[in-house]
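# A closer look at the structure
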Amino acid sequence: MKAIEIEKQDFTCTVQVNASAAEAMKKISQVDKWWAKNFTGSAEKPSDKFRVDFGKTFVDFEIAELIPGKKVVWKVTNCNLHWLNNRKEWNGTEVVFELLEKDNLTQINFTHIGLVPGIECYENCYEGWTGHITESLVKFIDEGQGMPE
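Quick look at the structure, then.

About the cut-offs
- By convention here, each chain's residues receive numbers from 1 onward along its written sequence.
- Per-residue local features are limited, in this predicted model, to residues with pLDDT of at least 70; the limit for side-chain atom pairs, both in listing and counting, is 80 or more; totals at the level of whole chains, interfaces and linings are taken over all residues.
- The basis for every side-chain value is the complete set of heavy atoms in the structure, and neither hydrogens nor water enter the calculation.
- Secondary structure elements follow DSSP: runs of H or I of four or more residues count as helices, runs of E of two or more count as strands, with numbering from the N terminus.
- Each residue is assigned to one of three classes by its accessible area relative to the maximum for its type, calculated with a 1.4 Å probe on protein chains only: buried under 20%, partly exposed between the two thresholds, exposed over 50%.
- Areas reported here follow the Shrake-Rupley algorithm with a probe of radius 1.4 Å; residue values treat only the protein chains shown as occluding.
- A residue counts as positive if it is Lys or Arg and as negative if it is Asp or Glu; His and the chain ends are not included.
- Taken as the charge centre is NZ of Lys, CZ of Arg, CG of Asp or CD of Glu, depending on the residue.
- Two strands pair if DSSP finds at least two bridges between them.
- Here an axis means a line fitted to C-alpha atoms, over the contact stretch when the element is a helix, while the angle between two N-to-C directions is reported on a 0 to 180 degree scale.
- Any two residues whose heavy atoms approach within 4.5 Å are treated as being in contact.
- Two cysteine sulfurs form a disulfide in these notes if their separation is within 2.5 Å.
- A helix is expected to span 1.5 Å for every residue after the first.

Our focus in this paragraph is the overall build of the chain. Helices and strands together make up the secondary structure of the chain, namely two helices and seven strands. Element order for the chain, N to C, with α for helix and β for strand: β-α-β-β-β-β-β-β-α. With the principal axes as the frame, the chain shows a C-alpha extent of 50 × 45 × 30 Å. Every one of the 149 residues in the chain was classed for burial, and the buried ones make up 42%. Counting every atom, the chain has about 8400 Å² of accessible surface; 48% of that belongs to carbon and sulfur. Separation of charge centres in the chain, based on 17 positive and 23 negative side chains, amounts to 4 Å.

Taking strand neighbours across the sheet as the criterion, the seven strands line up as β1-β7-β6-β5-β4-β3-β2 in an open arrangement whose pairing is antiparallel. Edge positions in the open sheet fall to β1 (11-17) and β2 (39-41), since each of these has one partner strand only. For this sheet, the mean angle separating the axes of adjacent strands, direction not counted, is 20 degrees. Here β1 pairs with strand β7 (residues 105-113) via seven bridges, running antiparallel. Across the sheet, the residue bridging to Thr-14 is Asn-109, located in β7. Against the sheet, helix α1 (residues 21-28) makes contact with β1, β4 (57-67), β5 (71-80), β6 (94-102) and β7, and its axis sits at roughly 155 degrees relative to β6, the strand it touches most.

So, about the state of the cysteines. Tallied over the full model, the rule gives one disulfide. The disulfide that involves Cys-121 links it to Cys-125, with 1.6 Å between the sulfurs. Taking relative accessible area as the criterion, Cys-125 reaches 7% and is therefore assigned buried. Free cysteine: Cys-13, not disulfide-bonded; nearest cysteine sulfur from Cys-125 at 14 Å. With no disulfide of its own, Cys-79 lies closest to Cys-121 among cysteine sulfurs, the gap being 8.9 Å.

Across three bridges, the pairing between β2 and strand β3 (residues 49-54) is antiparallel. Across the sheet, the residue bridging to Phe-39 is Val-52, located in β3. As defined by bridge partners, β3 adjoins β4 across six bridges and the pair is classed as antiparallel. Directly across from Phe-54, in β4, lies its bridge partner Thr-57.

Here we take up the environment of Ala-19. Topologically, Ala-19 is positioned in the loop between β1 and α1. Taking the C-alpha atoms as reference points, Ala-19 and Asp-32, 13 residues apart in sequence, are found 19 Å from one another. Each residue touching Ala-19, except ones within four places of it in the same chain, is listed here: Ala-24, Asn-104, Leu-105, Thr-106 and Ile-141.

Working note: α-helix, 3.6 residues per turn, so residues spaced by three or four point in the same direction. The terminal C-alpha atoms of helix α2 (residues 122-143) lie 29 Å apart, and with 22 residues this matches the ideal 32 Å at 1.5 Å per residue to within 8%. Turning to α2, its buried residues are Tyr-122, Cys-125, Trp-129, His-132, Ile-133, Ser-136, Leu-137, Val-138, Phe-140 and Ile-141. Just beyond α2, the residue with positive phi is Gly-144, at close to 85 degrees.

This is the structure in structure tokens:
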């Protein structure tokens, strides 16, 4: 009998922006301008640590990988998602931004590795990330003004 391999369906979102990959990556690191106004730490270089804080909810990240103009990986080191039964559901997950520049435009492939259908946070987090990436981040990169919470 053959084992069936089930492909993980990590949340993924792709957008295109009117900026170089270097400019887009710089703006991604300015988390307080497009995602969370309550941001502490730094998100610019490998091993940087930062926190986004929404009152009862917080998420701590570390920059696990950085390839300038190409890719950045944020590893969740701790969290408190207060509305979930498993408040630590994001612990150990990774948020990945992969950038591809072509003809003065940059495609950003966003993946939250570990955010998969069936986990408690999926629906709410799917909606949240979709808005933050497709609306706020794009607006910040293209127009200089995001819509952070």
